[in-house]
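# Summary of structural features
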Amino acid sequence: MPIMRAAFASRFDDADPLAALTVGERPEPTPPADDWVTVQLRATSLNHHDLWSLRGVGLTEAQLPMILGCDAVGVDPEGRPVVVYPVVVTPGDPRGVSILSEHFAGTLAERVVVPRSNLIPLPDGMAATDAACLPTAWLTAWRMLTTKGRVAEADSVLVQGAGGGVATAAVALAVAMGKRVYATSRDAVKRDRISALGATAVEPGARLPERVDVVIETVGAATFDHSLKSAAPMARIVVSGATAGHEPSVNLRRVFAMQLEILGTSMGTPGELYELLAFCSDNEVRPVVDCVIPFSRVEDAFARLHSGDAFGKVVIDHEA
Ligand SMILES: NC(=O)c1ccc[n+]([C@@H]2O[C@H](COP(=O)([O-])OP(=O)(O)OC[C@H]3O[C@@H](n4cnc5c(N)ncnc54)[C@H](OP(=O)(O)O)[C@@H]3O)[C@@H](O)[C@H]2O)c1
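Because the structure is a prediction, the values reported are computed rather than measured.

Before going further, it helps to spend a moment on the overall build of the chain. A tally of helices and strands in the chain yields nine helices and 18 strands. Taking 320 residues into account, the globule formula puts the C-alpha radius of gyration at 20 Å, and the chain, at 19 Å, falls close to it. Burial statistics for the chain: of 320 residues in total, 53% are counted as buried. With an accessible surface of roughly 13,700 Å², the chain has 51% of that area assigned to carbon and sulfur atoms. Where the 28 positive side-chain charges of the chain centre and where its 38 negative ones centre are 6 Å apart.

Once that is clear, we can look at the sheet that holds strand S1 (residues 3–9). Here we have three strands laid out as an open sheet, ordered S2-S1-S4, and antiparallel in their pairing. Unpaired on one side and paired on the other, strand S2 (21–27) and strand S4 (66–67) mark the two borders of the sheet. The pairing of S1 with S2 spans seven bridges and is antiparallel. Of the residues in S2, the one forming a bridge with Ala9 is Leu21.

Right, let's get into the pairing of S1. The buried fraction of S1 is high, at five of seven residues. Sheet topology note: the S1/S4 ladder contains two bridges and is antiparallel. When the sheet's bridge partners are listed, Ala9 is paired in S4 with Met66.

Here we come to the site of the ligand. Taken together, 25 residues form the shell around the ligand, and within it His48, Ser185, Lys190, Ser240 and Met267 come nearest. Between the ligand and Gly163, the relevant distance is 2.9 Å, taken from an oxygen atom to a main-chain nitrogen or oxygen of the residue. Mapped by element, the contributors of at least two residues to the shell around the ligand are helix H1 (48–55) and helix H4 (165–176). The residue makeup of the shell around the ligand, split by class, is nine nonpolar, 14 polar and two charged.

This part covers the environment of Pro204. Within the fold, Pro204 resides in the loop between strand S13 (200–202) and strand S14 (212–217). Classification of Pro204 as partly exposed rests on a relative accessible area of 41%. In sequence terms Pro204 and Val23 are 181 residues apart; their C-alpha atoms lie 36 Å from each other. With sequence-adjacent residues up to four places away left out, Pro204 is seen in contact with Thr184, Ser185 and Arg186.

With that out of the way, let us pick up the side chain of Asp130. Counting through the fold element by element, Asp130 comes out in helix H2 (residues 128–131). If sequence neighbours within four positions are ignored, Asp130 has contacts with Arg286, Pro287 and Val289.

Inspection of the entire model under this criterion finds two aromatic pairs. Their ring planes at 55 degrees and their centres at 5.0 Å tell us that Trp36 and Phe104 sit as a pair that is tilted. One end of the pair, Trp36, is in strand S3 (residues 36–45); the other, Phe104, is in the loop between strand S8 (97–99) and strand S9 (111–115), with 68 residues separating them in the sequence. Overall, the relative accessible area of 12% leaves Trp36 in the buried class. What makes Phe104 partly exposed here is its relative accessible area of 23%. Residues Trp142 and Phe279 carry aromatic rings whose centres are separated by 5.2 Å and whose planes lie at 50 degrees to one another, so their mutual orientation is tilted. Placement of the pair is Trp142 in helix H3 (residues 134–148) and Phe279 in helix H8 (residues 270–282), with a sequence separation of 137 residues. Its relative accessible area of 7% is what places Trp142 among the buried residues. Looking at Arg26, its charged tip hangs above the ring of Phe8, at a distance of 5.5 Å from the centre.

Spatially, six strands are ordered S13-S12-S11-S14-S15-S16 in an open sheet, and the strand pairing comes out parallel. Only two strands of the sheet have a single neighbouring strand rather than two, namely S13 and strand S16 (261–264). Each strand of the sheet is rotated relative to its neighbour by a mean of 20 degrees, with strand direction disregarded. Here S14 pairs with strand S15 (residues 231–239) via five bridges, running parallel.

Here we come to helix H9 (residues 298–307). Within H9, the full set of buried residues consists of Val298, Ala301, Phe302 and Leu305. Here the buried residues of H9 occupy an arc of 100 degrees about the axis, which is enough to place them on one side. If you follow the buried residues of H9, they end up packed against S1, S2, H1, strand S17 (289–294) and strand S18 (313–317). Positive backbone phi, at 80 degrees, marks Gly308, one or two positions downstream of H9.

This part takes up the pattern of salt bridges. Oppositely charged side chains can pair when the atoms bearing their charge come close. Taken as a whole, this structure holds 19 salt bridges when the rule is applied. Between Arg111 and Glu28 there is a salt bridge, with the nearest N and O atoms lying 2.4 Å from each other. With Arg111 in strand S9 and Glu28 in the loop between S2 and S3, the pair connects residues that are 83 residues apart, well separated along the chain. Residues Arg42 and Glu319 are paired through a salt bridge, measuring 3.3 Å at the closest nitrogen-oxygen approach. On the criterion of sequence distance, the pair formed by Arg42 in strand S3 and Glu319 in the segment after S18 is long-range, its members being 277 residues apart. Looking at Glu319, the relative accessible area reads 52%, which means it is exposed. One salt-bridge network, held together by shared partners, links Asp76, Glu78, Arg80 and Arg116.

Definitions and limits used
- Residues numbered from 1 in each chain as written.
- Predicted model: local features only at pLDDT ≥ 70, side-chain atom pairs only at ≥ 80, totals over all residues.
- Heavy atoms only, no water.
- Helix = DSSP H or I, 4+ residues; strand = E, 2+ residues; numbered from the N terminus.
- Rg over C-alpha atoms; globule rule 2.2 N^0.38 Å.
- Buried < 20%, exposed > 50% of the residue type's maximum accessible area, 1.4 Å probe, protein only.
- Areas by Shrake-Rupley, 256 points an atom, 1.4 Å probe, with all protein chains shown as cover.
- Lys, Arg positive; Asp, Glu negative; His and termini not counted.
- Charge placed at Lys NZ, Arg CZ, Asp CG, Glu CD.
- Pairing = 2+ DSSP bridges.
- Near = heavy atom within 4 Å.
- Polar contact = N/O pair within 3.5 Å; in protein donor to acceptor, adjacent residues only side chain to side chain.
- Nonpolar A, V, L, I, M, F, W, Y, C, P; charged D, E, K, R; others polar.
- Contact = heavy atoms within 4.5 Å.
- Phe/Tyr/Trp six-rings, centres within 6.5 Å; stacked < 30°, edge-to-face > 60°.
- Lys NZ or Arg CZ within 6 Å of the ring centre and 35° of its normal.
- Axes fitted to C-alpha atoms, helices over the stretch in contact; angles between N-to-C directions.
- Arc of directions from axis to C-beta.
- Salt bridge = Lys/Arg side-chain N within 4 Å of Asp/Glu carboxyl O.

Here it is as structure tokens:
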């Protein structure tokens, strides 16, 4: 059976997710249906999702070994450069869909198979390593701001835990949209870098100069009370993650008195990914990239993400 090199979860380790990562040989993927195609990968990027998978969140033992990775830019069977939309219709999953590396093999490999309808042309002039940041973290941030947060009606945005992949995307996009952007980070160096992106950086929990119209929340328990306190009347608090705990206590008096909307969201639609690619191209918005690491050193990329020191996306170059 033909084989390829891949990074995969071979077991789960909640305390030490890096110990559950294996880099080695896996069988070549075969398209499960006629409308699926094989994509030769050029660049990918890591997401916190990959660490959750190694911890056993969202996967069962029966699904192991599972090739990790949600994001991808590659070449389709006709030789065209493409961005891969990572959400796949999945009968049997309670959401009706899944993200690559949940039910179907992920992108941290030489090749991946996906439905042909999940392929979007790589915009002219956009580097594969930049576009590889967009399909998960940046798409999530785009939908949080636009469809869910209705940022077009807003003047001000707060982004919590701003060093992360989703959070740096939200800061960069909201600044490019001309909003007043506040962002929290625990780390003074990251706060300096957030300021350089055009946001006002503050320590977690700090009182803001104004209450904001949209809050971008991916941290969870550690920041949620601050998100509530920082929200203006009728504000939208949009939640797509809970890195620091998913069971915060919620002051319901503040929710109803201030008429807040707390909105959950995951990923985005193919149409939203087209919009995001066009927005980045037209406005010359480049993803915030922490580092680009060759696929031959994919373990180092995981270690960087796990360290918590990354500012922006950890990108993997499959052609280096
Ligand atoms: N639902 C979806 O579709 C979707 C899509 C993408 C991501 N997510 C979720 O969103 C979350 C972020 O993903 P990501 O890929 O952006 O992760 P990431 O790049 O690893 O960033 C995580 C960020 O969270 C902040 N953080 C972590 N622990 C914290 C704590 N105790 N207190 C305050 N801040 C803390 C950190 O910010 P500072 O270091 O700056 O403080 C860190 O930079 C994850 O939980 C992920 O699963 C969901």
